[in-house]
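Structural characterization, general
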Protein chains: 2
Amino acid sequence: VNEFELIRRFFAVQPVSRREVALGIGDDAALLEPPSGMQAVLTTDLLVAGVDFLPGADPVSVGHKALAVNLSDLAAMGAEPAWYLVALVLPRVDESWLAGFCEGLYGLARRYHVALVGGDLSRGAETVIAIQAGGWVPRGEALTRRGAQPGDRLFVTGELGGAGLALRHQRGECHLSVAEAATVADRLERPMPRVLAGQRLRLVATSAIDLSDGLLSDLGHVLAASGVGARVFLERLPLPVVYRERFDELGWDLALAHGDDYELLFTVPQANLERLEALREALDCPITEIGEITAEEGLALIDRDGRLYTPRRAQRGYDHFA
Amino acid sequence: VNEFELIRRFFAVQPVSRREVALGIGDDAALLEPPSGMQAVLTTDLLVAGVDFLPGADPVSVGHKALAVNLSDLAAMGAEPAWYLVALVLPRVDESWLAGFCEGLYGLARRYHVALVGGDLSRGAETVIAIQAGGWVPRGEALTRRGAQPGDRLFVTGELGGAGLALRHQRGECHLSVAEAATVADRLERPMPRVLAGQRLRLVATSAIDLSDGLLSDLGHVLAASGVGARVFLERLPLPVVYRERFDELGWDLALAHGDDYELLFTVPQANLERLEALREALDCPITEIGEITAEEGLALIDRDGRLYTPRRAQRGYDHFA
């Protein structure tokens, strides 16, 4: 089995076709026809074995997550995902691993109708997956980190801390029953990017970001880019049931600083709150108001008793080189 | 020094600005405004330490080559390169390596006015660079591998075999003087993608591909995609002077099968030969006619005496998993 054969068997036939793909896999490059009135949205995210997933992790989950983290970035811009390219480094030819990887990758690609249009394959010491994904957003309607205004309400989709709790359980640092672990395992292994929510929040939200590095770190990016501050009411943070049940043991750390949840954090001005309410039914995930944007810079975390909460340790998000 | 700090110091400020980049580095994703009448062209190529370059290689060359191999793919489509994203895995924080890498990367980016619009940075066992590059081509004018027709003449840009010869010299498999080695070293370490030639060949060539895997392998892709054959006259292959001087020792192998030269191979119909001649002056590299496309499938290599040449060993191009 050689490189071309692997590409032919696993990647040349992919399940999604899109009208704007004028030329897909199989030439020096792909050709796309930009739909009129749209801006292109581009992102890239890496997954490295031993850092972002265990070398023995289920390849279906790895394939899913490698694309999910990229689609999450597009969702945070309010974009419709359209295409992706996969650069893959493998330590050896392992066809069963590749079959699982493609199952996870293509399963998510099919769900959001995203076409694989190119890639590269090489050999190396460890598995590395670099996906570049792109999509479209109507001109001028992209959500960025810059638009938050004092008085805007702060919202998150879904729940926070589930991925971190699942990882602690996997590491044996926290005991969950099999049934409990199952309720958060997917948050770590197969996060579902908020693709539809991101698109529906265009023209309603003033800013958005996806929670990959942790609420404190990612909210910090929005505050810095927008030149504002925020007040977050901790008791409003949407925690998974199993997290709530262990709150005395866990505290706020996993919800504030772990990241890896790939939920959206977004701001909505008072004037758009009614439109947001009208949207709730159309979203495929719950949304929760957790605080508000302030003119005064800095982030104030308010605890159940109305007091300022100081994070127990440096909760600045994941740093690959720390 | 943490991850955000490395990004801020080395990647947040990049040297090229382009009008179509509505939002560059620093948000969840980049935003591009597609110029009207253009199709987007997308490619991705990996470089892995120990496979594509020696771990001790000059980081300036590594940065240059990582972008060059991607721009070469865009050149082969006749595209104007416009943007790129860099996904980078590093075994450790090495600021002097990063400074060199960015020098090589940004030097080439400046030359062809290509803007860095995003990236990702992670830690891993070995250095891996996955660049995704994109550009624009007027709708319907892209060069592909599919358009070669019987009777078309076959051309290459520049010279063949220089990169292979430089690698043999580096490995001690072939002795070159310092002066001789210098004439081919850049072909291996800092190949210059044929960006301008590719764009000028639109509407003149019927097909094109870049020579990354070797002439036999890459021409084979064109023949298969176009459903045609070809005749190549070996004595016409443009070899570097230092290769010619060692021809008895080296034979045709490096020119036919080594690849890594990143020249363009393209086909031109009889009717366009005058336009091609008129173009010669405007190209920034020599071009050489090496053969012709035939209706009969298969590739015939004709030697100096007019006889059919059979490659000495399987010369099917580089296979990462062989």
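Relevant structure appears above.
All values reported here derive from a predicted model rather than from experimental measurement.

What counts and what doesn't
- Residues numbered from 1 in each chain as written.
- Chains lettered and ligands numbered in written order.
- Predicted model: local features only at pLDDT ≥ 70, side-chain atom pairs only at ≥ 80, totals over all residues.
- Heavy atoms only, no water.
- Pairing = 2+ DSSP bridges.
- Helix = DSSP H or I, 4+ residues; strand = E, 2+ residues; numbered from the N terminus.
- Axes fitted to C-alpha atoms, helices over the stretch in contact; angles between N-to-C directions.
- Contact = heavy atoms within 4.5 Å.
- Salt bridge = Lys/Arg side-chain N within 4 Å of Asp/Glu carboxyl O.
- Buried < 20%, exposed > 50% of the residue type's maximum accessible area, 1.4 Å probe, protein only.
- Buried area = accessible area lost by both parts, 1.4 Å probe.
- Polar contact = N/O pair within 3.5 Å; in protein donor to acceptor, adjacent residues only side chain to side chain.
- Nonpolar A, V, L, I, M, F, W, Y, C, P; charged D, E, K, R; others polar.
- Parallel < 35°, antiparallel > 145°, perpendicular 65-115°, else oblique.

Attention now goes to the sheet that holds strand β7 (residues 153-157) of chain A. Residues and elements named next belong to chain A. Overall, mixed pairing links the six strands, which are arranged β8-β10-β7-β11-β9-β12 in an open sheet. Edge positions in the open sheet fall to β8 (207-210) and β12 (298-302), since each of these has one partner strand only. Geometrically, the sheet is characterised by an average inter-axis angle of 25 degrees between neighbouring strands, direction not taken into account. Here five bridges tie strand β9 (residues 229-233) to β12, and the two strands are oriented parallel to one another. Looking at β12, one finds that Gly229 is bridged to Gly298. In this fold helix α2 (residues 59-76) packs onto β8 and β10 (264-268), with an angle of close to 175 degrees to the strand it touches most, β8.

Okay, the pattern of salt bridges next. All names here are of chain A. Throughout the structure, instances matching the rule amount to 36 salt bridges over all chains. For Arg18, the salt bridge goes to Glu80, with nearest N and O atoms at 3.1 Å. In this pair, Arg18 sits in the loop between α1 (3-11) and β1 (21-23) while Glu80 sits in strand β4 (residues 80-90), placing the two residues 62 residues apart along the sequence. Assessed through its relative accessible area of 12%, Arg18 is described here as buried. Linking Glu180 and Arg246 is a salt bridge whose minimum nitrogen-to-oxygen distance equals 3.0 Å. With Glu180 in helix α5 (residues 178-189) and Arg246 in the loop between α8 (241-245) and α9 (247-250), this pair connects stretches of sequence that are 66 residues apart. Shared partners join several salt bridges into a network, and the residues in it are Arg18, Glu20 and Glu80.

Our next topic: helix α4 (residues 162-170) of chain B. All of the buried residues in α4 of chain B are Gly162, Ala163, Gly164, Leu165, Ala166 and Leu167 of chain B. Contacts made by the buried residues of α4 of chain B are with α5 (178-189), α8 (241-245), α9 (247-250) and α10 (253-258) of chain B.

Further remarks concern the interface of chain A and chain B. With 69 residues of chain A in contact, the opposing surface of chain B contributes 69 residues. Buried surface at the junction of chain A and chain B, both sides included, amounts to about 5600 Å², of which 59% is carbon and sulfur. Counting across the interface, chain A meets chain B through six salt bridges. For the pair chain A and chain B, the interface holds 20 residue pairs in polar contact (both at pLDDT 80 or more). The element contributing the most residues to the side of chain A that touches chain B is strand β3 (residues 38-48) of chain A, with 10 residues. Taken together, the residues that form the side of chain A that touches chain B break down as 39 nonpolar, 13 polar and 17 charged. Here β3 of chain A runs beside strand β2 (residues 30-32) of chain B; their pairing, made up of three bridges, is antiparallel. Residue pairing in the sheet places Ala40 of chain A in a bridge with Leu32 of chain B of β2 of chain B.

Let us look at the packing of α4 of chain B against α5 of chain B. Residues and elements named next belong to chain B. In the contact formed by α4 and α5, the axes pass within 7 Å of each other and the chain directions differ by 110 degrees. Judged by the inter-axis angle, α4 sits roughly perpendicular to α5. Of the residues in α5, those in contact with Gly162, Ala163, Ala166, Leu167, His169 and Gln170 of α4 are Ala181, Val184, Ala185, Arg187, Leu188 and Glu189.

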